[in-house]
Amino acid sequence: MSKNNANATSKQKISFFFVRKINIMILKLKNYDLHIEKINQALVDLEVEKYSQIIILVDENTKRFCLPYLLKYINAQKINIIQIKSGEKNKNLKTCEKIWSKMMDFQADRKALLINLGGGVIGDMGGFCASTFKRGFDFIQIPTTLLSQVDSSVGGKLGIDFKGIKNSIGVFQDPKMVIIDPFFLKTLSKRELKSGFAEMIKHSLIADEKQWKNFQTIGDFDEVDWQTAIEKSVLIKKNIVEKDPFEKNIRKALNFGHTIGHAVESHFLESEKPLLHGEAIAIGMICEAYISCEKNLLPKEKLEKITSFFLKNYEKVNISSEIHGKLIETMLQDKKNETSEINFTLLSDIGTFEINHTANTTLILESIEYYNSL
Ligand SMILES: NC(=O)c1ccc[n+]([C@@H]2O[C@H](COP(=O)([O-])OP(=O)(O)OC[C@H]3O[C@@H](n4cnc5c(N)ncnc54)[C@H](O)[C@@H]3O)[C@@H](O)[C@H]2O)c1
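Not measured: the values here are computed from a predicted model.

1. Here we look at the site of the ligand
Now for step 1: Around the ligand, a shell composed of 27 residues is seen, among which Asp 59, Glu 88, Thr 144, Thr 145 and Lys 166 lie nearest.
Now for step 2: Within the side chain of Asp 124, one N or O atom sits 3.0 Å away from a nitrogen atom of the ligand.
Now for step 3: For the ligand, a nitrogen atom lies 2.7 Å from a polar atom in the side chain of Thr 144.
Now for step 4: Coverage of the ligand by the protein chains reaches 91% of its 870 Å² of free accessible surface.
Now for step 5: For the shell around the ligand, the class distribution of residues is 6 nonpolar, 11 polar and 10 charged.

Right, here's the structure in full:
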């Protein structure tokens, strides 16, 4: 946590606001509940019968692996399905048009409910479409990837990529409910699991040193108790977004690794070998830990620990010097910048962060060179 924001205060607040039974956690956020439990238990609170129709947004993978499980537990008169193509390259205006057109075809009104059944792409884009169609109707998030369960489904940030810039069009809008059911992870590939794991590592690096140490003992992903690990990560995110829903202050902590990570992700999206979000963010975290160290915030031995952990778990990627200019250009477009300078959240130690730092081009490129030289 930020050195200025006492951890003790946040913990007290957290324990007051959640209800726990065995394998059930319900976090009470200001505008909605976040259930970490089996879908059938969570859906009881949703009262689907009050909606004029239920629309479920899926891609080809969640239609195959997740929809049958959900349909077992939804008891509604009118259910319509919208299927889109999976992948970040389809998180764009063209796909939104398709979704909005289908909503028109189904005569969706403001009493409809959209269920986003999928990863961060479905959640970000479906939420954006529901929030803007006829000036907005209710939606819920049922995240089905690790990344969307621990990160993108929490906090109400919705949007799409535009002109090669990630998430450059979007809104803040809370869902009516989030249901995180670890059951969905069973069909997720190891590569996707690792991508989500990168955001969990980020949460530990900015706010939970103990969890960071726990992560270093993981030998095999099959042995991880995802329910417990997800709960810890979601609590960190929830605690931060509740304090600063519109990212004016402390929420910027969650951008650690994302300034450089997003630029790298955007570049590779257009290549023959796109990186997954978490893979790009892992690179971003190494570079931004380097910048933290160069600015005398993070001790060198901590930078080395962070670096070797990511290198052990994520494949090394070559970032050619030919694209340095393009990466800087993309970072200058980053919506997190407040002046013409590039904004960073940096680590002041493992488990603590500082927001509103800037770095000049020379230092940013040096950090990328540091990564390349590993
Ligand atoms: N809104 C936010 O605050 C926020 C935060 C972090 C990331 N994001 C966004 O999230 C997106 C990345 O999300 P993601 O990593 O979930 O990627 P994704 O949505 O592309 O899903 C990854 C892949 O997994 C498949 N899949 C989903 N669930 C599955 C399951 N249970 N079994 C088998 N396959 C399944 C999908 O079809 C897809 O091919 C990015 O667009 C990123 O910008 C948003």
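2. Notes on the environment of Leu 43
Now for step 1: One can find Leu 43 in helix H2 (residues 39-43).
Now for step 2: Overall, Leu 43 belongs to the buried group, its relative accessible area being 9%.
Now for step 3: Between the C-alpha atom of Leu 43 and that of Ile 82, which follows or precedes it by 39 residues, the distance is 20 Å.

3. Description of the pattern of salt bridges
Now for step 1: Following the criterion strictly, the structure yields 14 salt bridges and no others.
Now for step 2: For Glu 304, the salt bridge identified is with Lys 300, shortest N-O distance 3.7 Å. Linking Glu 304 with Lys 300, this pair stays in helix H13 (residues 300-313), spanning 4 residues, or about one helical turn.
Now for step 3: Judged by its relative accessible area of 54%, Lys 300 is exposed.
Now for step 4: Sharing partners across several salt bridges, the network here consists of Asp 151, Glu 199, Lys 202 and Lys 237.

4. Concerning the pairing of strand E7 (residues 138-143)
Now for step 1: With 5 of 6 residues buried, E7 lies mostly within the body of the structure.
Now for step 2: Pairing geometry for strand E6 (residues 113-118) and E7, over 6 bridges, is parallel. Paired with Gly 118 across the two strands is Pro 143, which belongs to E7.
Now for step 3: Between the parallel elements E6 and E7, the chain passes through helix H6 (residues 120-132) in a crossover that is right-handed.
Now for step 4: As defined by bridge partners, E7 adjoins strand E10 (residues 177-180) across 2 bridges and the pair is classed as parallel. Following the sheet pairing, Gln 141 is matched in E10 by Val 178.

5. Some points on the packing of helix H5 (residues 93-105) against H6
Now for step 1: At a minimum axis separation of 10 Å, H5 and H6 run at an interaxial angle of 50 degrees. What the angle tells us is that H5 and H6 run oblique. For the element pair H5 and H6, the recorded crossing hand is right-handed. Each of Thr 95, Cys 96, Ile 99, Trp 100 and Met 103 in H5 lies in contact with H6, whose residues at this interface are Met 125, Phe 128, Cys 129, Ala 130 and Thr 132.
Now for step 2: For the contact of H5 with H6, the class distribution of residues is 8 nonpolar, 2 polar and no charged.

6. Points about the packing of aromatic side chains
Now for step 1: Taken as a whole and judged by the stated rule, the model has 15 aromatic pairs.
Now for step 2: When the centroid spacing of 6.1 Å and the interplanar angle of 85 degrees are considered together, the rings of Phe 133 and Phe 137 count as edge-to-face.
Now for step 3: Overall, the relative accessible area of 5% leaves Phe 133 in the buried class.
Now for step 4: Relative to Phe 309, the ring of Trp 212 has its centre 5.1 Å away and its plane inclined at 65 degrees; by these criteria the two rings are edge-to-face. With Trp 212 in helix H9 (residues 209-215) and Phe 309 in helix H13, the pair connects residues that are 97 residues apart, well separated along the chain.
Now for step 5: Three or more aromatic residues joined by ring pairs form one cluster here, namely Tyr 69, Tyr 73, Phe 183 and Phe 184.
Now for step 6: A cation sits over an aromatic face here: Lys 316 above Tyr 371, 5.2 Å from the ring centre.

7. Structural notes on the packing of helix H11 (residues 258-269) against helix H14 (residues 324-332)
Now for step 1: For the pair H11 and H14, interaxial distance at closest approach is 9 Å and the crossing angle is 120 degrees. Judged by the inter-axis angle, H11 sits oblique to H14. Considering how the two elements wind past one another, H11 and H14 form a crossing that is right-handed. From H11, Thr 259, Ile 260, Ala 263, Val 264, Ser 266 and His 267 reach across to H14, where they touch Lys 326, Leu 327, Thr 330 and Met 331.
Now for step 2: Residue composition of the contact of H11 with H14, grouped by class: 5 nonpolar, 4 polar and 1 charged.

8. Brief notes about the nonpolar core
Now for step 1: Within the largest apolar cluster, 78 residues are counted, with the highest numbers of intra-cluster contacts made by Leu 146, Phe 197, Leu 205, Trp 226 and Ile 364.
Now for step 2: Examining the composition of this core, we find that 11 residues originate from one element, helix H12 (residues 277-294), more than from any other.
Now for step 3: When residues no more than four places from it in sequence are discounted, the contact partners of Trp 226 are Leu 146, Leu 185, Leu 193, Phe 197, Met 200 and Phe 221.

The rules behind each value
- Residues numbered from 1 in each chain as written.
- Predicted model: local features only at pLDDT ≥ 70, side-chain atom pairs only at ≥ 80, totals over all residues.
- Heavy atoms only, no water.
- Near = heavy atom within 4 Å.
- Polar contact = N/O pair within 3.5 Å; in protein donor to acceptor, adjacent residues only side chain to side chain.
- Areas by Shrake-Rupley, 256 points an atom, 1.4 Å probe, with all protein chains shown as cover.
- Nonpolar A, V, L, I, M, F, W, Y, C, P; charged D, E, K, R; others polar.
- Helix = DSSP H or I, 4+ residues; strand = E, 2+ residues; numbered from the N terminus.
- Buried < 20%, exposed > 50% of the residue type's maximum accessible area, 1.4 Å probe, protein only.
- Salt bridge = Lys/Arg side-chain N within 4 Å of Asp/Glu carboxyl O.
- Pairing = 2+ DSSP bridges.
- Right-handed = clockwise from strand over helix to strand, strands pointing away.
- Axes fitted to C-alpha atoms, helices over the stretch in contact; angles between N-to-C directions.
- Parallel < 35°, antiparallel > 145°, perpendicular 65-115°, else oblique.
- Left-handed = near helix turned anticlockwise from the far one by under 90°.
- Contact = heavy atoms within 4.5 Å.
- Phe/Tyr/Trp six-rings, centres within 6.5 Å; stacked < 30°, edge-to-face > 60°.
- Lys NZ or Arg CZ within 6 Å of the ring centre and 35° of its normal.
- Core = buried A, V, L, I, M, F, W, Y, C linked by side-chain atoms within 4.5 Å.

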